[in-house]
Amino acid sequence: MTTPTPPARPHVHGLFDPATWTVTYVVHNGPGTACAIIDSVLDYDPKSGRTRTTSADKVIDYVQQNQLRVAWILETHAHADHLTAAPYLKGKLGGKTAIGHQITAVQKVFKGVFNLEDGFREDGSQFDQLLKDGESFRIGDLSGQVMAVPGHTPACVAYQIGDAVFVGDTLFMPDVGTARCDFPGGDARTLYASVRKLLSLPAQTRLFMCHDYPPDSRPIAFETTVAEQRAHNIHVHDGISEAQFVQMRTQRDATLEMPVLILPAVQINIRAGELPPPESNGTAYLKVPLNRL
Ligand SMILES: [Fe+2]
């Protein structure tokens, strides 16, 4: 009898951004190898409308200290709570930007909401590559696979790299639960199916969260396993039915306010992190749609 080869166990470095509760990951196979950067953050101050690169520069420091070659700059979805630093990182470090191919559906919806300029393309071409469910990609010696996990948004994907899965906004830590499903195109029933798909992976699979919103009783944490989620996730542990989940999620979503940065974040992130075209005075502007969201 032959024992199956165990999956690769990549190095995973998480950088937590306390302003947006987001975790940016750098995934690689050791110093001097290729890496992927997942869900980067461009700092944004909504009071002044100013962007900064303090968070992204920490990613650059880590990549340079470990002499990593950036193969990919990945997004799990078009985030509503932070701006992506993908173009800045690509300019400094190289690499290809990518997101789930359903981003085109999200672009279509928000092109309407923000009444964007005619030149705004809703074909995903702002990204270097659009990734489909089941598609494989290489990070040097490591192999990655795309898992479509819609529900929070229609375009959400998770990235499986060896024994590590970057789940985006599907699951949070077991004591926090799951992501909301009330944004345009979101759907609780769809998220339930995506979560069950993630939780059907081998029990010891490492799961890395896109965010953590810890209760006061514990420090920030963003790594768990399939086994821990199945046993303890407060929203979707084993035994919770689709109907129970949908009822809980729908009731809870009705109580949530919009994220502070949703308007700036979506406008920038559906452009793959580029600012809108500058107006005649050379300044780029964001819009606030009144009574739309
Ligand atoms: Fe999100």
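What comes next is a walk through the structure. What you see is a predicted model; the values in this text were computed from it and never measured.

About the cut-offs
Residues numbered from 1 in each chain as written. Predicted model: local features only at pLDDT ≥ 70, side-chain atom pairs only at ≥ 80, totals over all residues. Heavy atoms only, no water. Phe/Tyr/Trp six-rings, centres within 6.5 Å; stacked < 30°, edge-to-face > 60°. Helix = DSSP H or I, 4+ residues; strand = E, 2+ residues; numbered from the N terminus. Buried < 20%, exposed > 50% of the residue type's maximum accessible area, 1.4 Å probe, protein only. Axes fitted to C-alpha atoms, helices over the stretch in contact; angles between N-to-C directions. Parallel < 35°, antiparallel > 145°, perpendicular 65-115°, else oblique. Left-handed = near helix turned anticlockwise from the far one by under 90°. Contact = heavy atoms within 4.5 Å. Nonpolar A, V, L, I, M, F, W, Y, C, P; charged D, E, K, R; others polar. 1 Å grid on protein atoms, 1.4 Å probe; cavity = no way out; pocket = protein on both sides within 12 Å on 5 of 7 lines; lining within 4 Å. Points joined across faces, edges and corners; volume = space filled by probe spheres on them. Donors = N, O, S within 2.8 Å, 3.2 Å for Na, K, Ca; no water.

### A short note on the packing of aromatic side chains
- With the rule as written, the count across this model stands at 11 aromatic pairs.
- Relative to F245, the ring of Y192 lies with its centre 5.7 Å away and its plane at 40 degrees, an arrangement referred to as tilted. With a gap of 53 residues between them, Y192 in helix α4 (residues 188-198) and F245 in helix α6 (residues 242-253) connect regions that are remote in the sequence. The pair Y192 / F245 is uniform in exposure class, with both members buried.

### Considerations on the packing of α4 against α6
- Across the interface, α4 lies against α6 with an axial gap of 9 Å and an inter-helix angle of 125 degrees. By the criterion of interaxial angle, the relationship of α4 to α6 is oblique. You can see that α4 and α6 cross each other, and the crossing is right-handed. Residues A188, R189, L191 and Y192 of α4 touch α6, and the partners they reach there are E242, F245, V246, R249 and T250.
- For the contact of α4 with α6, a count of residues per class yields five nonpolar, one polar and three charged.

### Observations regarding the layout of surface pockets
- Considering only enclosed or pocket space, the largest pocket measures out at about 510 Å³ in volume.
- Lining the largest pocket are 24 residues, with D81, R180, Y213, E257 and P259 sitting closest to its centre.
- Its residues assigned to classes, the lining of the largest pocket comprises 13 nonpolar, five polar and six charged.

### Some words on the coordination of the iron ion
- Ligation of the iron ion by protein atoms is provided by H77 (NE2), H152 (NE2) and D169 (OD), these donors lying 2.1 to 2.4 Å from the ion.
- Read N to C, the donor residues that coordinate the iron ion are spaced as H-x74-H-x16-D. Of this pair, H77 sits in the loop between β6 (69-74) and α2 (86-93) while D169 sits in the loop between β12 (164-166) and α4, placing them 92 residues apart in sequence. Of the two residues, H77 and D169, both sit in the buried class.

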